[in-house]
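# An overview of the molecular structure
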Amino acid sequence: MKVLGTQLAGVAKRPARLLLTGLAVLVASFVVYATVLAQQITERTALEGLSGTPAAVDLVVGSDGSESGGAASITTGDLAKLRGLPGVAEAAGRVEASGELNGDYLNVTADPGSGPLTAVHVKQGAYPSKPGEIAVSPRTADRMGLPLGTTATVHTAWDDDGKPIKPVQLKVTGIVDADSDYGFTAYAPQGTVTQLLGEDVVQRVDLRLEPGADADAVRTGAERIIAAAPAPKEGFVRAGIRAGDDVRRAEAEEAASEVNEVFIAVGVFVAVAVCAAGLVATSTFRIVFAQRMRQLALLRAVGAGRGALWRALAAEGALTGLIAGVVGVLGALALGYAVPPIAGAFDVDLAAPGLPLLPAAGVVLLAVAITVLAVLAPAFSAAKVAPLEALRSASTTSGRKGIGKLRGAFGLLLAGGAALLAAYVFMNLPGRDPRNYDPQPMLLAVVGSGALAFFALMALGPLLVRPVLATVGWPLRRLGPVGRLAVGGVGGAPRRAAAVSVVVALGVTLIAGVVVTGASVRVLADREMASSEPADFELTANGDDPVTPAVLEQAKASPDLTHVTPYRRLPEVLIGTSATALSATDLSMTTLPELKKIDVTAGSLAAIGPGKVALDAYATETTGLKVGDTTTLTAGKKKNKVRVEVVATLPDSAPLQSFILADPGDLTKLGAPQTYSGVLADAAKAGEEGRTAGQKAMRQLAQGHAGLGVDVLADQRDQFNTVLNGVLAVVIGLIGLTVLIAVVGVGTTTALSVVERVRESGLLRAVGLSRGSLRMMLTAESSLYGVIGATIGVVLGVPYAWLALKALGVNAPLELPIGQLVVVFLVLVLFTAAAGVLPARRAAKVSPVAALATD
């Protein structure tokens, strides 16, 4: 107990040391509890704001909400009866109708437009009040050319040949804001939508009760009305009745169903950050105990046993973890309650978190567990040192360069295991066309290899620091004495440098892997989207009305369109003796920029010409043809034939869902008409304004041609890019937690090394080194931790990213975003350098006389 009291008294006298020792654990505790609060905020916000049912709805008559239940069908007569029930203040029928406007899809939703039960807000004009009037969302007005006051013809039915019929004149009287705006949504009173639907039914009725009304009595009355209604038609179910709160909760939970899954993924990255905090804490305790070797030796000399000393040091670690955990939890709680009002100032509504006491206690216990585990090895090493050996200077002890034979052998064993697993994956990678390939075992092997490589790096780190430092530190040594001193300071304590650099390397490895994987996946996605969405717009012939040369010339003359490219399609073409009819197109592969992204398995798409074709993967598989082979194409009732040579094969499908890419002359010989199947074009100007103008130009081409329709292909590309960018940003942000812990470790290590090397700093000052040069030296040392870790991280991250991509079984190329990797490298170096600024300033303030007098 006396030993424990002595240690705790020393901690109380030096609270700064306690702060530095537990800083990484404090940050980890903050991150863990902040994640818990973020999940609560997200879930509560979802429950409060993601429901589509207005808050004033007390009862909902409609489907029962079960997975097996279908849509309900309620007649307008029953709607009137529900509206007349005693205690009902308002009843709103909900129903949707769809139509076609100039080849585009338009969805019309019933909404009262005002009052407590409305889901929209009038932004401009007035909400429809008469039959034949609609209100549209802002994006719908822009995309579909429906400004305020416009009268449009909407077809609400189609004949057996797919041609639109039943034209209805609709006038736009208002622009409204709603929860979502997809660019094809309109709103109108229930009577108008029912008329458009052509059936005297609604799908749901929202009831708002009068104040003080008996909800049970109203429910009973509604049940009687529904029970007396005729049996629903096939495909519909009899309506049920649910409380408005239950419906809102179910809608919100469905809308936020992925929240828990997202936070499970977040938890994985938080766990990595916690492990990083444990590594930093272990390194920090090792440095602190090395600095206190004289004190520990004196305790041993006066009779303190190894066990008592070890337990005292472990208790000190537990106290550090307790304080760090409590402070981290309180900091996260303060931030959690500050976020909603701050977000509210920017018109973002977020729910406040609760006070999850059990997770708070768990985070504090986790912090204690981390520090206790982190302190075990350093405490055991410190406690077993003989008094005579421990009386050496702290810097001598902490600067040892060896790692021991057992540790070296264990590290080599781990490195060998990592190499064997990586070799196994490499030898079993699938080809360009994987069949019956299960990527899960290979991915697990990649993860296992990466984990073994990281543990090997931990074990062999001190041996790797000097050769890596000799390479990356060469430019710094060329800068003069300050640079050479900084390199020597890091190389003189390889254990300390390795302990911090390994954590930096872990973060950089993950970030580099994500950056490389993201760039490679983006290239693959660009290739696939170039095949399915090769242009911004597509004008297609849906019926017997083809695209004439006059329409094509009109498109080429439009100032809002560029890269106008027509194409023809033959739906049934036979290749050689194959009985499978495949579609062929004469789309030019050189005029549209997006088509240049398409990859080939063999050959070149530029070689397509008279008598030369390209085949997609399916055509290649069914016919067995390869580049250089010749075959015969047959099409039409007259069995027109063309002899062609295969000059390229594709890894996937060809553009426009075709199987054969042929020359226009060959397609004409096979019987293709002179008119076109469609026209592809890009917007002449970038941005939403240019795209809207291009869409209007395409829509004008379709006017007067009932069989022509317009598809905005660019929206699909944008949606994918938005999702991919969001995923990469979130993942990199989560990995940034590990980097944050690493930066904290660098700052802590630098601060402790300043304390450890006070005499060294004083001696340098005494022989003429200026304060500024001393600051530069210590800051450069901090940056070198980042340089070493970032170098190792990039070297490991890029190969493992490539291996993981290939193990997935996708035909993604290895794309090296050099610029992004350089930015990651430089940012990490700057962060680690910044972490050493304050300790360097503190060291420079100590006078040479005082420093030399320090023991």
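These lines cover the structure that appears in this document, whether it is placed above or below.

Analysis parameters
- Residues numbered from 1 in each chain as written.
- Predicted model: local features only at pLDDT ≥ 70, side-chain atom pairs only at ≥ 80, totals over all residues.
- Heavy atoms only, no water.
- Helix = DSSP H or I, 4+ residues; strand = E, 2+ residues; numbered from the N terminus.
- Expected span 1.5 Å × (residues − 1).
- Buried < 20%, exposed > 50% of the residue type's maximum accessible area, 1.4 Å probe, protein only.
- Arc of directions from axis to C-beta.
- Contact = heavy atoms within 4.5 Å.
- Pairing = 2+ DSSP bridges.
- Axes fitted to C-alpha atoms, helices over the stretch in contact; angles between N-to-C directions.
- Patch = residues over 30% accessible without salt bridge, like charges linked within 9 Å, V, L, I, M, F, W, Y side chains within 5 Å.
- Areas by Shrake-Rupley, 256 points an atom, 1.4 Å probe, with all protein chains shown as cover.
- Salt bridge = Lys/Arg side-chain N within 4 Å of Asp/Glu carboxyl O.
- Lys, Arg positive; Asp, Glu negative; His and termini not counted.
- Charge placed at Lys NZ, Arg CZ, Asp CG, Glu CD.

Between its first and last C-alpha atoms helix α6 (residues 215–228) spans 20 Å; for 14 residues at 1.5 Å apiece the expected length is 20 Å, and the two agree. Of the positions making up α6, those classed as buried are Val218, Gly221, Ala222, Ile225 and Ile226. Angularly, the buried residues of α6 cover 135° about the axis, an arc narrow enough to put them on a single face. The exposed set on the far side of α6, more than 90 degrees from its buried face, consists of Asp216, Arg224, Ala227 and Ala228. Check the buried side of α6 and you find it contacts β1 (59–62), α3 (76–83), β4 (88–94), β13 (204–209) and β15 (240–243).

Attention shifts here to the pairing of strand β11 (residues 185–188). Where burial is concerned, the two faces of β11 agree: the one with Thr185 and Tyr187 and the one with Ala186 and Ala188 are both buried. The pairing of strand β6 (residues 104–110) with β11 spans four bridges and is classified as parallel. Across the sheet, the residue bridging to Asn107 is Thr185, located in β11.

Take the environment of Pro494 next. Among the secondary structure elements, Pro494 is positioned in helix α18 (residues 494–532). Taking the C-alpha atoms as reference points, Pro494 and Gly461, separated by 33 residues in sequence, lie 8.0 Å from one another.

In this section: the sheet that holds β13. In spatial order, the strands read β4-β13-β1-β15; together these four strands make up an open sheet with antiparallel pairing. Edge positions in the open sheet fall to β4 and β15, since each of these has one partner strand only. On average, adjacent strands in this sheet sit at an angle of 20° to one another, irrespective of strand direction. Judged from the four bridges that link them, β1 and β15 form a sheet pairing that is antiparallel. Across the sheet, residue Val60 finds its bridge partner in β15, namely Arg242. Set on the sheet, α6 makes contact with β1, β4, β13 and β15; between it and β15 the angle comes to about 160°.

On the surface, Arg771, Arg775, Arg841 and Lys845 cluster together to form a positively charged patch. Inspection of the secondary structure puts Arg841 in helix α27 (residues 837–845). Residue class for Arg841 comes out partly exposed when judged on its relative accessible area of 41%.

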